[in-house]
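Descriptive analysis of the structure
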Amino acid sequence: RSDKTGKAYTSVMTRFSSLASRVAGIGARLSASMIMPTMALKKVVNDYVKFEDQMLSMKAITGSNTKEFNRMCDVARRFGREVTFSVQQVAEAMTEMGRAGFSTKQIEDSFHSVLDFARAAKIELKESADFISATMKTFNAGPAFARQIADSLTAAANASAVAPREIMSAMSMSASIMAQVGMD
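Residues numbered from 1 in each chain as written. Predicted model: local features only at pLDDT ≥ 70, side-chain atom pairs only at ≥ 80, totals over all residues. Heavy atoms only, no water.

Another aspect to go through is the overall build of the chain. A count of helical and extended segments in the chain gives seven helices and zero strands. When the helices and strands of the chain are placed in sequence order, the string is α-α-α-α-α-α-α. Put simply, the chain has 184 residues, and 31% of those count as buried. When contacts within the chain are restricted to residue pairs at least 6 apart in sequence, those whose partners lie at least 24 apart make up 62%. Summed over all atoms, the accessible surface of the chain reaches about 11400 Å², with 60% contributed by carbon and sulfur. (Helix = DSSP H or I, 4+ residues; strand = E, 2+ residues; numbered from the N terminus. Buried < 20%, exposed > 50% of the residue type's maximum accessible area, 1.4 Å probe, protein only. Contact = heavy atoms within 4.5 Å. Areas by Shrake-Rupley, 256 points an atom, 1.4 Å probe, with all protein chains shown as cover.)

Shown next, in the form of structure tokens:
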């Protein structure tokens, strides 16, 4: 009798183990099919909220009206689609330019140069925006000079063994003196 009980017990346990494995497999497939898309959706929503918050900061800093704000959102989205930087990085860089005192129109007019310099110098977009903005302010140059500034800095970096960040550092230390003596 104990032999029959042992075999019955083993049979039940084997079936139970098989059932548990199948249920675990179903659970894993359900998790993968539900959790992964949910996580992706959460990331998209979080990215959108961060972008929107950043653009609202830019609006407040620049004093933009609703029409200007909507145009800048469109510009940021367009650049975010067309370049290697994310829309969030574009919004951050635009906000930095606003903090430097640029209007939405000035940001829009000079932003392509900021993007190009960041890519050419292999630096963060926000860093490029900070530097181009500061140089434009120092020399009292308008957005029309952003391209010349970006091109000159890129050419200087490419023509020397000096990294763009080192050129930017030297420029920031000497820019006010150059502006005072009329160098441009």
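Assignment of secondary structure puts Gln-54 in helix 1 (residues 2-62). Apart from the residues within four sequence positions on either side, Gln-54 is in contact with Gln-88, Ala-91, Glu-92 and Thr-95.

For the structure on display, the rule yields two aromatic pairs. Relative to Phe-111, the ring of Phe-79 lies with its centre 5.5 Å away and its plane at 45 degrees, an arrangement referred to as tilted. One end of the pair, Phe-79, is in helix 2 (residues 66-82); the other, Phe-111, is in helix 4 (residues 104-121), and 32 residues separate them in sequence. As far as burial versus exposure is concerned, Phe-79 and Phe-111 are alike and both buried. Directly above the ring of Phe-79 sits Arg-78, whose terminal nitrogen or CZ lies 4.8 Å from the centroid. A cation over a ring is seen here: Lys-137 above Phe-102, with NZ or CZ 5.4 Å from the ring centre. (Phe/Tyr/Trp six-rings, centres within 6.5 Å; stacked < 30°, edge-to-face > 60°. Lys NZ or Arg CZ within 6 Å of the ring centre and 35° of its normal.)

To continue, consider the pattern of salt bridges. Under the defined criterion, the tally for this structure stands at eight salt bridges. We note a salt bridge from Glu-82 to Arg-78, for which the minimum N-O separation is 3.8 Å. With a gap of four residues between them, Glu-82 and Arg-78 both fall in helix 2, about one helical turn apart. With a relative accessible area of 34%, Arg-78 lands in the partly exposed category. Between Glu-96 and Arg-99 there is a salt bridge, with its nearest N and O atoms 2.6 Å apart. Residue Glu-96 and its partner Arg-99 are both found in helix 3 (residues 87-99); the two are separated by three residues, about one turn of the helix. Beyond isolated ion pairs, a larger network of salt bridges with shared partners links Asp-116, Arg-119, Arg-147 and Asp-151. (Salt bridge = Lys/Arg side-chain N within 4 Å of Asp/Glu carboxyl O.)

In terms of nonpolar packing, the biggest core is built from 38 residues, with Met-55, Met-94, Phe-111, Phe-117 and Leu-125 touching the most fellow members. Mapped onto this core, the elements with two or more residues apiece are helix 1, helix 2, helix 3, helix 4, helix 5 (125-138), helix 6 (146-158) and helix 7 (164-180). Of the residues forming this core, the biggest block, seven residues, is contributed by helix 4. Sequence-distant contacts of Phe-117, that is, excluding residues within four places in its chain, are made with Lys-122, Ile-123, Ser-128, Phe-131, Ile-132, Ala-150, Leu-153, Thr-154 and Met-168. (Core = buried A, V, L, I, M, F, W, Y, C linked by side-chain atoms within 4.5 Å.)

This next bit is on the packing of helix 4 against helix 6. Interaxial distance between helix 4 and helix 6 falls to 8 Å at its minimum, and their mutual angle equals 10 degrees. Between helix 4 and helix 6, the angle is such that the two are roughly parallel. On the side of helix 4, the interface is formed by Ser-110, His-112, Ser-113, Asp-116, Phe-117 and Ala-120, while helix 6 contributes Ala-146, Arg-147, Ala-150, Leu-153 and Thr-154. (Axes fitted to C-alpha atoms, helices over the stretch in contact; angles between N-to-C directions. Parallel < 35°, antiparallel > 145°, perpendicular 65-115°, else oblique.)

At their nearest, the axes of helix 2 and helix 3 sit 8 Å apart, and the two run at 130 degrees to each other. With respect to each other, helix 2 and helix 3 are oriented oblique. Helix 3 is crossed by helix 2, and the crossing has right-handed handedness. Contacts from Met-72, Val-75, Ala-76, Arg-77, Phe-79 and Gly-80 of helix 2 reach helix 3 at Val-87, Val-90 and Met-94. (Left-handed = near helix turned anticlockwise from the far one by under 90°.)

On to the side chain of Gln-88, then. Within the fold, Gln-88 resides in helix 3. Excluding residues that lie within four positions of it along the chain, Gln-88 makes contacts with Asp-47, Lys-50, Phe-51 and Gln-54.

By themselves, these are just geometric observations and shouldn't be taken as functional.
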